[in-house]
Amino acid sequence: MDELTTTQGIVALAAAGVAAVALILAIVLAFKLRRMRGAQKAVLGGSGARDLVVHAQQLEKGFTDMRDWVEESIEHFERRMQSTESRLDGCVAYRSLVRYDAYNELSGHQSSSLALLDARKSGVVVSSIVHRDQARLYVKQLQEGESEIALSPEEQEAVDTALSPVRA
């Protein structure tokens, strides 16, 4: 015991203490390194030894490729949407039916005018004039709301009704 109180003993005790602290620190660092390697394996995968920088570059390339694909897809869908919208503009967007008694015969409003117009206000007005012993059918074409042949008051009413705002 006297040997521990000497200078050499104190130095030996201090060295043993430093060694014990270093051993504990080494064990703690070993556990942390093991955890970090497990996390790295989860990120990098278990296939071979790869560098984290190489992995980051591959991820960046993957995201760049995905961004390019998304941009191409958006451009494709925008072109298709424009094509679809232009086709829809040519479909019947406005319609109206006006029934009337063409000859004032009290026949129950058997005559009618039907307006079928697209978004550009172009289309046709079909009129069916019914009399007791005959029926006549007239078709007039409209281009941007204007007809080459004058519209009857009932046909004009059908066009105006078709183009009027929807009432609640």
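Position numbers for residues start from 1 in each chain and track the written sequence from start to end. The model is predicted, so local features are restricted to residues of pLDDT at least 70 and side-chain atom pairs to those at 80 or more, both for listing and for counting; the totals for chains, interfaces and linings are taken over all residues. Computation of side-chain values: all heavy atoms of the structure, hydrogens and water removed.

## Points about the overall build of the protein
Consideration 1: Comment: elements are numbered from the N terminus, with helices defined as DSSP H or I runs of at least four residues and strands as E runs of at least two. Along the protein, the regular secondary structure elements total three helices and five strands.
Consideration 2: Secondary structure elements of the protein, listed N to C terminal, follow the sequence α-α-β-β-β-β-β-α.
Consideration 3: The globule rule puts the C-alpha radius of gyration for 168 residues at 15 Å, and the 44 Å found for the protein is more than 25% above it.
Consideration 4: Its C-alpha atoms give the protein principal-axis dimensions of about 140 × 35 × 25 Å.
Consideration 5: Considering the protein as a whole, with its 168 residues, one finds that 15% of them fall into the buried category.
Consideration 6: Any two residues having at least one pair of non-hydrogen atoms within 4.5 Å are treated as being in contact. Expressed as a percentage of contacts within the protein between residues at least 6 apart in sequence, the contacts between residues at least 24 apart total 36%. C-alpha atoms define the radius of gyration in this analysis, and the globule rule sets the expected value at 2.2 Å times the number of residues to the power 0.38. Burial here depends on accessible area, computed with a 1.4 Å probe over protein chains only, as a share of the maximum for the residue type. Under 20% is buried, over 50% is exposed, and the range in between is partly exposed.

## Let's talk about the pattern of salt bridges
Consideration 1: We define a salt bridge as a contact between a side-chain nitrogen of Lys or Arg and a carboxyl oxygen of Asp or Glu at a distance within 4 Å. Counting across every chain of the model gives five salt bridges.
Consideration 2: Where Asp 68 meets Arg 67, a salt bridge forms, and the shortest distance between an N and an O atom there is 3.5 Å.
Consideration 3: Its relative accessible area of 30% is what places Asp 68 among the partly exposed residues.
Consideration 4: Taking the relative accessible area as the measure of exposure, Arg 67 reaches 46% and is therefore partly exposed.
Consideration 5: We note a salt bridge from Glu 155 to Lys 140, for which the minimum N-O separation is 2.9 Å. Of this pair, Glu 155 sits in helix α3 (residues 153–163) while Lys 140 sits in strand β4 (residues 135–143), and the two are 15 residues apart along the sequence.
Consideration 6: Relative accessible area serves as the criterion here: at 3%, Glu 155 is assigned to the buried category.
Consideration 7: Using a relative accessible area of 13% as the deciding quantity, one classes Lys 140 as buried.
Consideration 8: A single network of salt bridges, built from pairs that share partners, joins Arg 67, Asp 68 and Glu 71.

## Regarding the confidence of the model for the protein
Consideration 1: Residue-level confidence of the predictor, termed pLDDT, takes values from 0 up to 100. Of all residues in the protein, 92% attain a pLDDT of 70 or more, and the chain-wide mean is 87.
Consideration 2: Looking across the protein, the model is least confident in strand β5 (residues 146–147), with a mean pLDDT of 88, and most confident in strand β2 (residues 111–117), with 94.

## A closer look at the nonpolar core
Consideration 1: Nonpolar cores were defined as sets of buried Ala, Val, Leu, Ile, Met, Phe, Trp, Tyr and Cys residues, with membership established by side-chain atoms within 4.5 Å. One finds Val 98, Tyr 100, Ala 115, Leu 117, Val 125, Ile 129, Leu 142, Ala 158, Val 159 and Ala 162 forming the largest nonpolar core, which totals 10 residues.
Consideration 2: Apart from residues no more than four positions distant in its own chain, Ala 162 is found in contact with Tyr 94, Arg 95, Ser 96, Ala 115 and Leu 117.

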